[in-house]
Each structure stands twice: as structure tokens, then as C-alpha cells.
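Understanding the architecture of this molecule
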Amino acid sequence: MTMAMAAVMVAIMLAMPDSAAPPTAPDWLQAGMDHLWLPYTQMRNLPTPLPIVSAEGVRLHLPDGRSLIDGISSWWTVCHGYNHPHIRKAVVEQIQHLPHVMLGGLVHEPVARLATRLTAMLPGDLDHVFFSESGSVSVEVAMKMAIQYWINRGVAGRHRFVSFRFGYHGDTMACMSICDPDEGMHGLFAGCLPEQIIADVPRSTEQRAAFRQLLKQRRGEIAAVIIEPLVQGAGGLKMYDAETLAFIRQACDAQDHLLILDEIMTGFGRTGTMFACQQADMVPDIATFSKALTGGTLPLAATVATRRVFEAFLSDSPSTALMHGPTYMGNPLACAAAHASLDLFEREPRLQQVAAIETRLRDGLSACRGLNGVLDVRTKGAIGVVELDRAGEANWLKPRLIAEGVWVRPFGNIVYLMPPFVIEPVDLDRLTAAVVKVVSDWSRERA
């Protein structure tokens with residue numbers, strides 16, 4: 001048995017309740033782990049890779065017959081639950097006609113209708129959609145748009161971005177440069193990335209004054225300000241209010257700065273409204289979307305610009321065009337899944353479900369307040385967070401959560417829940433009870 005195979009077996013055994021017999025790992029898992037390179041993982045000290053053979057609703061099914069309630073919606077994508085019949089039917093029908101065609105010189109009905117449908121849903125004049133395959137790429141496209149916007153207008157030097165502490169916008173090169181350089185995962189690349197401007201989210205009067213001054217003093221350098229609205233995601237799930245977001249818009253307007261909103265995690269209902277920016281009654285110049293866009297079925301992302309931004313690229317010269325083109329942009333299968341996902345938002349009470357989840361998360365996780373080692377417990381929409389006083393505890397916490405029958409993947413110093421919107425109250429209560437139990441055990445034994 002190779003070292004990787006042995007690690008897999010140990011990981012699976014750690015994930016089992018004490019009373020259960022260790023299952024036999026599937027052949028494909030043993031063979032594959034000698035060749036797979038997993039995300040955010042030190043492959044020498046392999047943490048628990050659980051084999052999943054199917055998923056339905058809110059449950060992940062393992063080959064040994066066990067199932068886990070998914071508390072994080074496969075990185076926040078599976079808003080309607082796994083294998084939803086309406087989305088599955090739409091993808092099956094689409095693959096019988098047109099699985100893929102390039103958008104270079106060609107176009108197809110699903111992508112044209114999706115662009116029309118998305119812009120009709122969005123506030124203001126966010127009217128022009130550029131599709132790609134991942135959230136990180138959609139942010140790269142937004143950054144490229146912002147820099148070229150100024151170039152096309154004949155304004156030199158505006159090529160830096162203002163982003164925020166605890167911000168996270170993806171792992172590709174330009175995106176790494178606008179993530180928090182101290183709290184994020186990309187410190188190894190310091191010196192290799194463009195230098196950006198990192199600010200505090202301007203919550204207080206003093207921070208707001210400093211933010212206004214920053215935008216004024218460095219006006220000639222700044223291409224755009226970029227922020228995740230209301231909830232900063234993978235940088236620590238930090239939350240701020242709608243008034244702060246509205247202030248950022250006003251401060252940008254005062255100095256004629258573009259504002260980019262990264263709605264990749266917050267969009268499509270997660271914070272309680274269809275789009276987080278609606279809670280601040282404001283419109284960004286560029287917005288990015290992905291994750292729940294297709295209901296967690298196929299990769300698709302969108303960068304959506306206002307008319308003002310789009311028109312800066314229009315001229316008789318090819319040099320002002322946006323020279324970007326992901327190979328699978330606007331993939332028909334992904335567009336079909338997105339249409340079906342949007343159907344479900346229209347037909348089913350998703351936002352009411354999110355409101356009910358928020359109440360239940362707040363009540364269920366409240367038992368963690370006051371525990372030794374717990375800094376904060378907070379909720380927003382279908383997001384619940386327990387913040388610990390230290391990072392690096394995931395390998396202790398995760399197998400114990402699995403033993404409780406739930407899939408929850410802590411990161412940094414955060415134990416969090418972002419369940420599918422269709423979760424039943426009994427399953428949501430199981431999730432919160434598991435988090436409370438394991439965090440209480442952690443508090444007693446390790447905090």
C-alpha cells in the first residue's frame with residue numbers, strides 16, 4: 001500500500017463514529033489518490049477525502065451506505081439542493097441539441113436569452129453581460145474592463161484597485177493581488193503580484209473620513225474599488241451593514257471611481273435578497289456572479305457592466321474592444337442550467353426559505369455564545385458563523401462533525417453553515433446541533 005493509500009484509509013477511519021467498522025475504500029479512490037492534487041491541501045498530510053458516489057437534495061451519499069447532510073452547499077453553489085429534477089431535465093434536453101459552440105462569431109439562444117434575463121433582474125442599468133466559466137475569471141474580466149475603461153477614455157495611469165481587509169476574490173493572479181495580503185492564502189506571492197491599495201471596510205466615522213481621503217489623494221491611480229457586498233466570503237465571513245455599502249458607492253461617485261461588486265457568493269439569495277446590493281439600494285458599475293447561478297450544476301460566471309462602462313469600448317477602432325474570450329464562455333449546457341435555476345427562484349419561495357433559515361441559524365447557533373474560545377456568533381441570510389479565537393483547528397473539528405452525520409468544512413478560525421435553501425427544519429436543526437456539540441467539545445478540550 002502506498003503512503004497516499006494509507007492516508008486515505010486513516011482519514012476514512014477518523015471520519016467514522018467510534019462504534020462503526022471501518023469501510024473498505026473503493027478501488028477508484030485508492031488508485032486516484034496517487035495522482036490527484038486536491039485544492040487547499042497539503043498532500044503529504046492528507047486530510048479526510050471522503051468518497052461521494054451520489055447526492056440528492058441536501059445529502060451526500062458515500063459508497064459504504066452512509067450519508068451526510070451538506071451544510072455548505074458545495075462551496076455555496078447548490079442553492080436548490082443536489083440533482084434537482086427541473087435543472088437535470090433542462091440540461092438533458094439541451095445536450096440533445098447543442099452541448100457547446102464557441103461564441104467567437106457564433107451565438108446561440110440559451111446564452112442570448114440568459115443575458116436578457118439576467119439584466120432584467122439586476123438593478124439599474126447593469127445591461128451588458130460577459131460570460132466566463134469561473135468566479136475568479138469573472139473578477140479578472142471585471143478588473144480588465146475597469147483598467148481599459150480609463151485607457152479607452154484617454155486617461156493614463158489609473159491601473160490600481162482599492163480592495164479591503166478580509167476580502168477574497170479568487171486564486172488567479174490578478175485576483176490574488178486584491179485579496180487581503182495578511183489574512184488571505186497568497187502571502188507566498190508577495191512581490192510577484194501587482195501592488196494594490198488595501199483599505200479597512202469604512203464602518204466608523206474615522207474610517208469613512210480616511211476612506212474619502214484615500215480615494216481623493218490617489219484618484220489618479222485608481223481604476224476601481226472592489227468589494228464583496230454585505231458579507232466578505234473566504235477572507236473570514238466578515239459582515240457589515242447596507243449603510244456602509246451605500247457609503248462606499250457615494251464615496252466612489254464623489255471622486256468618479258468605478259465600483260465593482262463581487263456578488264459571486266452573495267448573489268442569488270444567500271444574504272436574504274436576490275442580490276446583496278439591493279439591500280443598500282445602489283448599483284455598481286460592474287458586478288460579478290457565479291456559484292449559485294446554475295444551482296451548483298455546471299460552471300458558469302458572468303461579469304455585468306453598466307451602459308456607461310460598455311460604451312467606453314465602442315468605437316470604429318478594433319483597439320478599444322475587450323480582448324478576452326474564455327473557450328467555454330456561455331456554454332449552452334451551463335446556460336440551460338442557469339435558466340432552470342432562475343425558474344426555481346421565480347416559482348418557489350426561495351427568499352422566504354432564506355429568511356426562515358436565518359432565524360433558525362441564529363437560534364440554533366446561539367448556544368455557542370460565551371463558550372471559551374468563541375469570539376463571535378453571527379448570521380446573515382442563509383449564512384451562520386461561529387468564529388474561534390485561533391486558526392488551524394479544522395483537522396480536529398472536521399472528522400468530529402462528520403461523525404455527527406454532517407459535512408461542514410471549517411477554514412481559518414471559522415466554523416460556518418451555508419446550507420441549501422431547500423433544507424428542511426429537522427435537517428437544519430441537525431446541522432446546528434452538530435456544530436454546537438463539536439464546538440462545545442473543542443472549547444472544553446482545546447480552547
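Residues numbered from 1 in each chain as written. Predicted model: local features only at pLDDT ≥ 70, side-chain atom pairs only at ≥ 80, totals over all residues. Heavy atoms only, no water.

Secondary structure assignment for the protein yields 14 helices and 16 strands. Taking 447 residues into account, the globule formula puts the C-alpha radius of gyration at 22 Å, and the protein, at 22 Å, falls close to it. Here the protein holds 447 residues, and 53% of them are scored as buried. Carbon and sulfur atoms form 55% of the exposed surface of the protein, whose accessible area is close to 19,400 Å². Between the centroid of the 39 positive side chains of the protein and the centroid of its 46 negative side chains there is a distance of 2 Å. (Helix = DSSP H or I, 4+ residues; strand = E, 2+ residues; numbered from the N terminus. Rg over C-alpha atoms; globule rule 2.2 N^0.38 Å. Buried < 20%, exposed > 50% of the residue type's maximum accessible area, 1.4 Å probe, protein only. Areas by Shrake-Rupley, 256 points an atom, 1.4 Å probe, with all protein chains shown as cover. Lys, Arg positive; Asp, Glu negative; His and termini not counted. Charge placed at Lys NZ, Arg CZ, Asp CG, Glu CD.)

Moving on, we get to helix α9 (residues 242–254). With 13 residues, α9 extends 19 Å from end C-alpha to end C-alpha; this agrees with the ideal 18 Å at 1.5 Å per step. Residues T244, L245, A246, F247, I248, R249, A251 and C252 constitute the buried set of α9. Buried residues belonging to α9 abut β5 (160–164), α8 (205–217), β7 (222–227) and β10 (258–262). Looking one or two residues past α9, D256 carries a phi angle of roughly 60 degrees, positive in sign. (Expected span 1.5 Å × (residues − 1). Contact = heavy atoms within 4.5 Å.)

Side chains of strand β16 (residues 414–417) alternate between two faces, with I414 and Y416 and V415 and L417 buried alike. Both strand β14 (residues 384–388) and β16 contribute to a ladder of 4 bridges, which runs antiparallel. Paired with G384 across the two strands is L417, which belongs to β16. (Pairing = 2+ DSSP bridges.)

This part takes up unusual backbone geometry. At W76, a residue that is not glycine, the phi angle is positive and equals roughly 75 degrees. Note on placement: W76 falls in helix α3 (residues 73–76). Using a relative accessible area of 8% as the deciding quantity, one classes W76 as buried. At F268, a position not held by glycine, the phi torsion is positive, near 65 degrees. Within the fold, F268 resides in the loop between β10 and β11 (286–289). Note on F268: relative accessible area 1%, which makes it buried.

Let's shift gears to the sheet that holds β16. Strand pairing within a sheet occurs via backbone hydrogen bonds; the two strands may be parallel or antiparallel. With antiparallel pairing, 3 strands are arranged side by side in an open sheet as β13-β14-β16. Strand pairing shows two members of the sheet lacking a second neighbour, β13 (374–379) and β16, which therefore form its edges. On average, adjacent strands in this sheet sit at an angle of 10 degrees to one another, irrespective of strand direction. (Axes fitted to C-alpha atoms, helices over the stretch in contact; angles between N-to-C directions.)

This part covers the packing of helix α4 (residues 85–95) against helix α11 (residues 332–347). Running from N to C, α4 and α11 point in directions that differ by 150 degrees, and their axes come no closer than 8 Å. With respect to α11, the axis of α4 lies roughly antiparallel. Remark: the crossing between α4 and α11 carries right-handed chirality. Seen from α4, the contacting residues are H86, I87, A90, V91, Q94 and I95; seen from α11, they are P332, L333, A336, A337, A340, S341, D343, L344 and R347. When its residues are assigned to classes, the contact of α4 with α11 shows 10 nonpolar, 3 polar and 2 charged. (Parallel < 35°, antiparallel > 145°, perpendicular 65-115°, else oblique. Left-handed = near helix turned anticlockwise from the far one by under 90°. Nonpolar A, V, L, I, M, F, W, Y, C, P; charged D, E, K, R; others polar.)

Once that is clear, we can look at the sheet that holds strand β15 (residues 406–407). Here 4 strands make up an open sheet; going across it, the order is β1-β2-β3-β15 and the pairing mixed. The sheet terminates laterally at β1 (54–56) and β15, the two strands that pair on one side only. In this fold helix α14 (residues 425–445) packs onto β2 (59–61), β3 (67–70) and β15, with an angle of close to 90 degrees to the strand it touches most, β3.

One way to put it is that helix α12 (residues 350–365) packs onto α14 with a least axis distance of 9 Å and a crossing angle of 30 degrees. The angle between α12 and α14 falls in the class roughly parallel. α14 is crossed by α12, and the crossing has right-handed handedness. Side by side, α12 and α14 meet where I357, R360, L361, G364 and L365 of the first sit next to P425, L428, D429, T432, V435 and V436 of the second.

Averaged over every residue, the pLDDT of the protein is 93; residues scoring 70 or more account for 94%. Low pLDDT, under 50, characterises residues 1–22; the stretch is placed with 35 contacts to residues that sit more than four places away or in other chains. (pLDDT = per-residue confidence, 0-100.)

V162, F211, V225, L237, I248, F268 and V386 are the most contacted members of the largest nonpolar core, which has 121 residues in total. Those residues in contact with I248 that sit more than four places away from it in its chain are F164, P202, F211, V225, I227 and L259. (Core = buried A, V, L, I, M, F, W, Y, C linked by side-chain atoms within 4.5 Å.)

By the definition in use, this model includes 28 salt bridges. With a shortest N-O distance of 2.7 Å, R308 and D256 are connected by a salt bridge. Placement of the pair is R308 in helix α10 (residues 307–311) and D256 in the loop between α9 and β10, with a sequence separation of 52 residues. Residue classification places R308 among the partly exposed residues on the basis of a relative accessible area of 33%. Judged by relative accessible area, D256 falls into the partly exposed class, the value being 26%. When the shortest N-O distance is used, the salt bridge between R308 and D285 registers 3.3 Å. Here R308, found in helix α10, pairs with D285, found in the loop between β10 and β11; they are 23 residues apart in sequence, far enough to count as distant. Classification of D285 as buried rests on a relative accessible area of 6%. Put simply, R249, D253, D256, D285 and R308 are held in one network by salt bridges that share partners. (Salt bridge = Lys/Arg side-chain N within 4 Å of Asp/Glu carboxyl O.)

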